[in-house]
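Given next are the chains, with one letter for each unit.
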Amino acid sequence: MLQNFLTLLLGSKHERDLKELVPIVQRINALEPEAMALAEADFPVRTAEFKRRIAGGESLDVLLPEAYALAREAARRKLGERLFDVQLMGGVVLHKGKIVEMKTGEGKTLASVPSAYLNSLTGAGVHIITVNDYLAERDAAWMGPIYSLLGVSVGVILSQMDNAQRKESYARDITYGTNNEFGFDYLRDNMCWSPAEKVQRGHAFSIVDEIDNILIDEARTPLIISGMAEDDTFKFAEVNKLVDQLVECEKDPATGAYPEGNVDSAGDFKLEEKNKRVTFTDQGMNAIEGLLLKRGLIRDSLFIDENFEYIHYFTQALRAHKLFNKDVDYVLQDGKVQIVDEFTGRILYGRRYSEGLHQAIEAKERIKIAQRNRTLATITFQNYFRMYGKLAGMTGTADTEAQEFSKIYNLDVVVIPTNRPVIRDDTDDVIYLTEEEKLAAICDEIQQLHTKGQPVLVGTISIEKSEVLSRMLVGRGIRHEVLNAKNHAREALIISEAGAEGSVTIATNMAGRGTDIKLGGNAEFRARRKAGTQGTADQYSAAIAVEYPKWQADYQVVKSVGGLHVLGTERHEARRIDNQLRGRSGRQGDPGSSRFYISLDDDLMRLFGGENIKGLMSRFGMKKGEPIVHPWLNNSIAKAQTKVEERNFEIRKHLLEYDDVLNEQRKFIYARRDEIISDPRLTERVIATGEELWAVIFEKYAHSGENRSAKVAALLAELRESLFFDPQLGAEELAALPAEELDATIRGGLRRNIEEKAGEIGEELLNRFIMAEYLRSIDSRWQDHLENLEALREAVSLRAYSQKNPLLEYKLEGFQIFDEMLYEIKTAIARKIFKVRIQKAPVQHGPSARAPLALQASHSAMGQFTAPSSHSALAASAPAGGGVAAISMKQNASQPEAAQVKRTTAKVGRNDPCPCGSGKKYKYCHGQ
Ligand code: ADP
Ligand code: MG
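Residues numbered from 1 in each chain as written. Chains lettered and ligands numbered in written order. Predicted model: local features only at pLDDT ≥ 70, side-chain atom pairs only at ≥ 80, totals over all residues. Heavy atoms only, no water.

Things to note about the overall build of the protein chain
Across its full length, the protein chain carries 34 helices and 23 strands. Considering the protein chain as a whole, with its 928 residues, one finds that 54% of them fall into the buried category. Long-range contacts, defined here as pairs at least 24 residues apart, represent 74% of the contacts in the protein chain between residues at least 6 apart. Only carbon and sulfur atoms are counted for the fraction: they give 52% of the accessible area of the protein chain, which is about 40,800 Å². (Helix = DSSP H or I, 4+ residues; strand = E, 2+ residues; numbered from the N terminus. Buried < 20%, exposed > 50% of the residue type's maximum accessible area, 1.4 Å probe, protein only. Contact = heavy atoms within 4.5 Å. Areas by Shrake-Rupley, 256 points an atom, 1.4 Å probe, with all protein chains shown as cover.)

Right under this line is the structure:
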């Protein structure tokens with residue numbers, strides 16, 4: 001009651017939204033005569049002037065009416081379509097960074113042009129996201145003449161494009177492309193080896209077409225770039241057999257430590273239990289070489305490039321054998337090595353040791369050495385699109401999901417009325433007892449409409465069901481088309497004819513977006529087909545002159561039989577998707593109708609309908625083959641749908657909550673990476689880390705006992721171990737120095753060490769070397785980290801049973817392992833650089849390639865009524881009480897497969913120079 005009263009007083013949100021827009025549209029309208037009076041050459045001049053005004057500090061909001069009036073006039077001249085006032089309203093909403101709901105066929109493609117134009121004037125780039133490549137290309141080409149008259153540039157990103165082409169497209173004022181391509185480009189940009197390789201130039205403003213599809217339907221699975229590393233499992237196995245033959249250095253029986261000083265005691269390697277590190281003596285290196293030669297694993301010296309990697313395998317094998325113990329550091333369970341948390345003693349299921357140690361332990365324990373396809377980078381659409389400074393979207397169906405858009409993306413939904421009233425007749429659902437009866441009834445209905453000449457669009461929820469229905473129609477001799485998501489261009493052609501007299505088109509919910517269905521078919525498509533794709537403009541005009549009048553007649557016929565009828569063979573998991581299907585009919589004031597068919601066998605009814613439906617059906621005395629139509633049923637179906645919608649919202653929210661942890665870390669790592677690829681003085685970082693490590697040693701020194709020479713000896717040993725650094729002064733001289741001077745001496749020595757190296761090979765080369773090491777280290781550890789987080793996510797979900805909050809545990813531990821990783825990266829680099837000895841090698845400045853591996857980019861869409869696999873949100877987010885996790889869903893096998901996007905980027909050849917510029921072959925450098 002109160003609610004009604006307030007609404008009456010204030011107007012509904014929709015009304016208030018519109019009220020705000022009206023005066024702006026009036027201002028644009030008032031400027032129209034002026035724009036109409038312009039010569040074509042004046043348009044780019046105006047654009048240049050707008051840009052100057054922006055540079056002078058004028059806001060886009062102030063410029064909006066002039067820019068929109070100009071864009072509308074450009075559209076009128078170039079496409080012969082003058083934006084309706086409702087399209088201008090939609091365009092204003094987009095500029096404000098909101099979602100605009102405009103029904104199918106209202107002309108959203110055109111409505112987005114003025115806002116894209118206005119925002120491109122800042123020079124920061126506007127991204128327009130479409131659901132597939134076909135539409136990206138179509139829209140860019142279709143709107144192209146308008147932009148071109150205005151004097152702004154347009155580009156398009158297509159999946160088969162190479163980096164150079166992508167970069168060029170991103171450099172344009174306005175860039176069209178799919179969410180997958182934009183997301184993958186972002187990930188790949190953050191795997192590159194120099195700033196010049198990046199293709200994107202920022203994320204200022206994005207307009208997402210069919211935004212509900214992208215941010216809701218596709219948001220349950222992340223984008224993943226994965227790559228299979230070279231299979232080196234046999235090397236782990238071979239080295240594992242040899243490692244026993246190496247001998248540990250002798251320890252001083254009195255101290256239990258290795259002898260101090262620079263004397264290499266007899267033996268092959270030293271262990272450092274505290275840090276779980278291994279170092280080889282020169283003798284050890286020779287021993288390794290001997291073993292490898294004897295075994296025939298190498299032919300030449302160990303110290304040539306291609307054999308050097310064996311030191312790494314031996315290091316890990318020794319660590320596995322000597323420093324990691326079964327049932328202490330790890331356990332064996334179900335044929336897997338599972339790490340034990342050293343502090344809590346808890347098993348960290350699924351977590352793996354990094355840098356090959358895990359495989360070395362597997363070799364030691366003689367269990368199968370895992371060779372895995374690794375996730376190299378991943379992001380969810382939610383987090384990709386939240387990066388944009390301003391995000392806007394458009395769709396025919398956003399209102400039902402307004403709450404989610406507002407909560408998760410902070411996006412407001414504004415509903416724009418249609419240009420002409422919708423007169424489509426949406427009738428109540430009919431419900432049957434079994435699927436069989438339902439399908440028979442559907443076929444009857446289609447046959448009857450088809451005979452009458454009324455076009456029918458039949459919506460199914462899966463490709464399988466489309467096929468079943470298609471076979472039934474073939475049985476009855478009814479000509480029809482079946483749409484699936486495999487070929488977008490052909491799909492567009494079919495859809496454009498779906499409104500022709502007597503046509504029957506079967507489509508799954510994924511299909512049929514983006515092209516609108518005109519009654520009587522599509523004269524332009526027909527003319528284009530007639531003129532041929534290579535046809536000249538004249539040939540096309542001639543064709544359209546014939547086709548257009550034909551179409552006009554067809555249009556009248558189809559209109560007279562009731563326009564397009566939409567027949568839903570099942571309700572979808574969200575009302576929104578039903579509405580999308582319905583919305584294909586009744587565009588721009590055309591007649592039309594829609595009706596959904598339901599059976600109690602449908603997933604929705606079985607899983608969410610509740611028992612009372614069945615009870616009710618029997619009370620109605622439902623007989624075989626007889627349908628029931630009752631408003632009450634529509635009500636309970638809507639309730640069932642709401643249940644599914646809520647559940648899916650929960651899943652997406654949980655996915656996001658977990659992904660937020662990763663997202664923060666990803667941003668941090670990517671920012672760090674960016675700093676590193678553009679830092680010409682990385683030596684300073686190395687020196688700083690060296691000093692940091694030294695400070696820890698010095699701190700210990702300052703607080704240890706009184707015996708100066710013992711103290712200095714310990715200090716020197718630690719310096720060697722930790723930084724492989726030997727100061728020039730001897731132990732005695734150092735012992736004689738006061739503490740501050742000792743500190744200054746070592747610091748100076750550390751700096752000199754690096755500066756000398758820079759002097760020897762040149763600052764630039766050293767810098768490049770450090771950079772390559774950094775990037776390799778960041779990337780490989782980050783990839784390990786991605787796996788570890790994934791494992792952690794599964795692990796914490798189990799803890800829900802012990803009354804712990806899994807998300808909180810995930811956050812805390814996730815941050816902890818991230819911190820450790822950062823420290824590891826930093827110190828490992830510093831150690832390596834201090835340790836490295838410089839040898840001049842011929843440097844090849846080969847062309848640098850972007851991707852260090854054969855990459856595969858994938859995003860699997862979720863099917864109807866499917867839950868993510870146990871690895872992801874649903875399992876991980878299970879609240880202690882059960883809740884969403886209690887629902888187990890039927891997997892729809894066919895759909896995720898059909899929707900998978902896969903692509904392989906150019907591969908760096910194994911024998912090509914490594915992109916890092918080391919001059920080594922790729923396979924011996926970062927391709928290892
Ligand atoms: P939506 O994306 O909203 O479903 P589209 O952008 O595909 O709609 O446009 C549907 C049809 O409407 C297209 O054929 C387009 O040419 C036409 N159209 C759009 N705006 C106008 C306009 N202002 N005047 C005339 N036709 C228009
Ligand atoms: Mg569209």
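Some points on unusual backbone geometry
The backbone phi angle of D334 is positive, close to 50 degrees, even though this residue is not glycine. Within the secondary structure, D334 is located in the loop between β9 (330-333) and β10 (336-340). The class of D334 is exposed, set by a relative accessible area of 78%. Of note in this structure, R366 is not a glycine but carries a positive phi near 55 degrees. With respect to the secondary-structure elements, R366 resides in the loop between α15 (357-364) and β12 (373-379).

Section: the nonpolar core
Counting residues in hydrophobic clusters, the biggest one holds 91 residues, and the most contacted among them are L187, L215, F385 and F405. The element best represented in this core is helix α31 (residues 763-799), accounting for 12 residues. Not counting residues within four places of it along the chain, the set of residues in contact with L215 comprises F381, F385, L391, F405, Y409 and L411. Listed in part, the 57 residues of the second largest apolar core include L83, V93, V100 and V154. (Core = buried A, V, L, I, M, F, W, Y, C linked by side-chain atoms within 4.5 Å.)

Examining the site of ligand 1
In the vicinity of ligand 1 there are 17 residues, among which E81, R82, Q87, G105 and T109 approach most closely. Within the side chain of Q87, an N or O atom sits 2.8 Å from a nitrogen atom of ligand 1. A distance of 2.4 Å separates an oxygen atom of ligand 1 from a polar side-chain atom of T109. Here the residues of the shell around ligand 1 sort into 4 nonpolar, 5 polar and 8 charged. (Near = heavy atom within 4 Å. Polar contact = N/O pair within 3.5 Å; in protein donor to acceptor, adjacent residues only side chain to side chain. Nonpolar A, V, L, I, M, F, W, Y, C, P; charged D, E, K, R; others polar.)

Observations regarding the sheet that holds strand β4 (residues 174-178)
One open sheet holds the 7 strands; their spatial order is β3-β4-β2-β5-β13-β1-β14, and the pairing between them is parallel. If you trace the sheet from one side to the other, it starts and ends with β3 (154-156) and β14 (413-415), each paired once. Going from strand to strand, the sheet's axes swing by 20 degrees on average, the running direction of each strand aside. Strand direction decides the pairing type here: strand β2 (residues 126-130) and β4, joined by 5 bridges, are parallel. (Pairing = 2+ DSSP bridges. Axes fitted to C-alpha atoms, helices over the stretch in contact; angles between N-to-C directions.)

Some details on the pairing of strand β8 (residues 277-280)
Bridge analysis of strand β7 (residues 269-272) against β8 gives 4 bridges, and the strand direction is antiparallel. Looking at the pairing, E272 lines up with R277 of β8. Between the antiparallel neighbours β7 and β8 lie 4 residues, among them K276 with a positive phi of about 55 degrees.

Some thoughts on the pattern of salt bridges
Evaluated as defined, the whole model comprises 62 salt bridges. Put simply, R582 and D426 hold a salt bridge, and the shortest N to O gap is 3.6 Å. Residue R582 is located in helix α23 (residues 575-582), and its partner D426 is located in strand β15 (residues 425-426); the two are separated by 156 residues in the primary sequence. Owing to a relative accessible area of 10%, R582 belongs among the buried residues under this scheme. A salt bridge links D779 to R673, with the nearest nitrogen and oxygen atoms 2.9 Å apart. In this pair, D779 sits in helix α31 while R673 sits in helix α26 (residues 631-677), placing the two residues 106 residues apart along the sequence. (Salt bridge = Lys/Arg side-chain N within 4 Å of Asp/Glu carboxyl O.)

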